[in-house]
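One-letter residues, chain by chain:
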Amino acid sequence: MPLRGAGGNTRKQTHTMLNVTPVTPDAIPVAVPPEMGVSFDTLGLIDAIRNAVRGENYTTPTPIQAQAIPHLLAGRDLLGCAQTGTGKTAAFALPILQRLAESRRPAGARKMRALILTPTRELASQIDESFRAYGRHVGLSSHVIFGGVGQRPQVQALQRGLDILVATPGRLLDLMNQGHARLDTVEVFVLDEADRMLDMGFIHDVKKIIAALPAKRQTLLFSATMPNDIAHLADRILNQPVRVAVTPVAATADRIDQWVLHVERSNKRALLDSVLKDRSIARALVFSRTKHGANKIAEQLARGGVAAEAIHGNKSQGARERALANFKAGKIRVLVATDIAARGIDIDDVTHVINYDLPNVPESYVHRIGRTARAGASGVAISFCDREERAYLRDIEKLIRKAVPVVENHPFRLEPGAPGSDPAPARPQQGHRGKGGGRPQHRQQRRRRR
Ligand code: AMP
């Protein structure tokens, strides 16, 4: 079957740049090779933090860590063009922990010394966990707040004052408006996934939060892409920032084996069943455009004997965490997610990303498939494309600057050039699958320029 990974973890095999500027579009999120002399021992980190990093089994800093940490320790502002999977959390968390530990002082009731703003609950939880792991020997206080859960414990945690607060914008603003949170002692502010904040409509909340910050502070802004609005915001809030870029969004796609399967919409479920018969698909993240669709796919898979659960914004926090934990532990083989729920999900060893629906925002495609190439590993991305999604596919190919190879030999194949609207389901072809594995027969799809 065609859908096997292109290789194992390439983290140590590929080198990348160490310079801070200029930004190169081809940088790859792999650890900096040891022969270049960069290690966690040469970045200026204190023992307590180096020991915690060792405890995480990180041997070598990733490029963004190598580039950012010394400047952040020196108190510089930073503009980071990087997405999750590059090691960016440690790139900002390690120096923040160190600076706060070296100048200990109580934050004061309802206040915090470092504020990390991130768009989703999942990301917020992961960042908070990272701070706890990397900071386990420095004894600082941290807490995470997000919406969709009761605010009482959050209010209580804030009441005592915190060294580090990780928050999503809506809930933080609510708590600020109710007088439970005050930002006037923030020394370090991190705006994480700024482009996603914009996409998700959070930018006004973010601006209100920024307006409540003290003028004198260290500011870090991370964004996978740099739309104009974010570039302007960066200009406004950053003071002579160091610029660091790794994995521009389009380049992520290079490490991933990508395939597209043309199919009638009405045949997608059957195609998914058929694709999942391949046992090399050990841990698959399936993307659906809608929450309702995600539920239906997960239910259908479960009925067909494939252990699957759905994760999206309508699920309770508990249900989301359970689904994620089951997936991480290998108890379920398939996690069906919407874009927002999956954003930043940090799960190693996702062998396949399956785009059951193609996203209408091409950057989302790159974010989705990046879930299977964590920290330098490679992976496989399979996209189902119906007639109406062909325009999306063209936009994606334009963004990643290459055509996605077409799998020809699947049972529900729809001729990519076939015109018209979605007719009656196509009859499955017989004898479709090549035996003996290997690559599928494919041809490069002609790229249409617009
Ligand atoms: P992030 O981009 O911060 O979401 O990190 C992506 C993944 O890489 C997480 O699972 C981290 O635990 C892992 N990671 C971060 N830094 C390193 C490193 N220097 N070596 C190995 N893994 C790392």
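Scroll up for the structure.
Residues numbered from 1 in each chain as written. Predicted model: local features only at pLDDT ≥ 70, side-chain atom pairs only at ≥ 80, totals over all residues.

Peer 1: It is not clear to me how the packing of helix 2 (residues 63-73) against helix 3 (residues 88-102) should be interpreted in this structure. Could you clarify?
Peer 2: The angle between the axes and the distance between the axes are what describe a pair of packed helices. For the pair helix 2 and helix 3, the least separation of the axes is 9 Å and the interaxial angle reads 25°. Considering the angle they form, helix 2 stands roughly parallel to helix 3. Between helix 2 and helix 3 lies a crossing whose hand is right-handed. Contacts between helix 2 and helix 3 involve Ile64, Gln65, Ala68, Ile69, Leu72 and Leu73 on the former and, on the latter, Lys88, Ala90, Ala91, Phe92, Leu94, Pro95, Gln98 and Arg99. Of the residues assigned to the contact of helix 2 with helix 3, the class counts are ten nonpolar, two polar and two charged. (Axes fitted to C-alpha atoms, helices over the stretch in contact; angles between N-to-C directions. Helix = DSSP H or I, 4+ residues; strand = E, 2+ residues; numbered from the N terminus. Parallel < 35°, antiparallel > 145°, perpendicular 65-115°, else oblique. Left-handed = near helix turned anticlockwise from the far one by under 90°. Contact = placed C-beta atoms within 7 Å. Nonpolar A, V, L, I, M, F, W, Y, C, P; charged D, E, K, R; others polar.)

Peer 1: I tried to follow the nonpolar core on my own but got confused; where do I start?
Peer 2: In summary, soluble globular proteins display a tendency toward joint burial of nonpolar side chains. Counting 65 residues, the largest nonpolar core has Ala114, Leu115, Val166 and Ala167 as the members making the most contacts within it. Broken down by element, this core gets its largest block of residues, eight residues, from helix 3. Contacts of Ala114, omitting those with residues within four sequence positions, involve Ile96, Leu100, Asp163, Ile164, Val186, Glu187 and Val188. (Core = buried A, V, L, I, M, F, W, Y, C linked by C-beta atoms within 7 Å. Buried ≥ 20, exposed ≤ 12 C-beta atoms within 10 Å, placed from the backbone.)

Peer 1: Is there a simple way to explain the environment of Tyr392 in this structure?
Peer 2: Within the secondary structure, Tyr392 sits in helix 16 (residues 390-400). C-alpha of Tyr392 to C-alpha of Leu358: the two residues are 34 residues apart in sequence and 6.8 Å apart in space. Setting aside its immediate chain neighbours within four residues, Tyr392 contacts Leu358, Pro359 and Asn360.

Peer 1: Honestly, the sheet that holds strand 6 (residues 218-223) in this entry has me stumped. Any pointers?
Peer 2: Within a sheet, neighbouring strands are paired by backbone hydrogen bonds and run either parallel or antiparallel to one another. Pairing is parallel in the open sheet, where seven strands are placed in the order 3-4-2-5-6-1-7. The open sheet has two edge strands, strand 3 (142-145) and strand 7 (242-245), and neither has a second partner. Recorded for the sheet is a direction-independent mean angle of 15° between the axes of neighbouring strands. (Pairing = 2+ DSSP bridges.)

Peer 1: Looking at this structure, I do not really get the packing of helix 6 (residues 169-177) against helix 8 (residues 203-211). What am I missing?
Peer 2: Close contact between helix 6 and helix 8 brings their axes to 9 Å; oriented N to C, the two are set at 45°. Taken together, the axes of helix 6 and helix 8 are oblique relative to one another. Crossing hand, helix 6 versus helix 8: left-handed. On helix 8, the residues that touch Pro169, Gly170, Leu172 and Leu173 of helix 6 are Asp205, Val206, Lys208 and Ile209. Residues that form the contact of helix 6 with helix 8 fall into these classes: five nonpolar, one polar and two charged.

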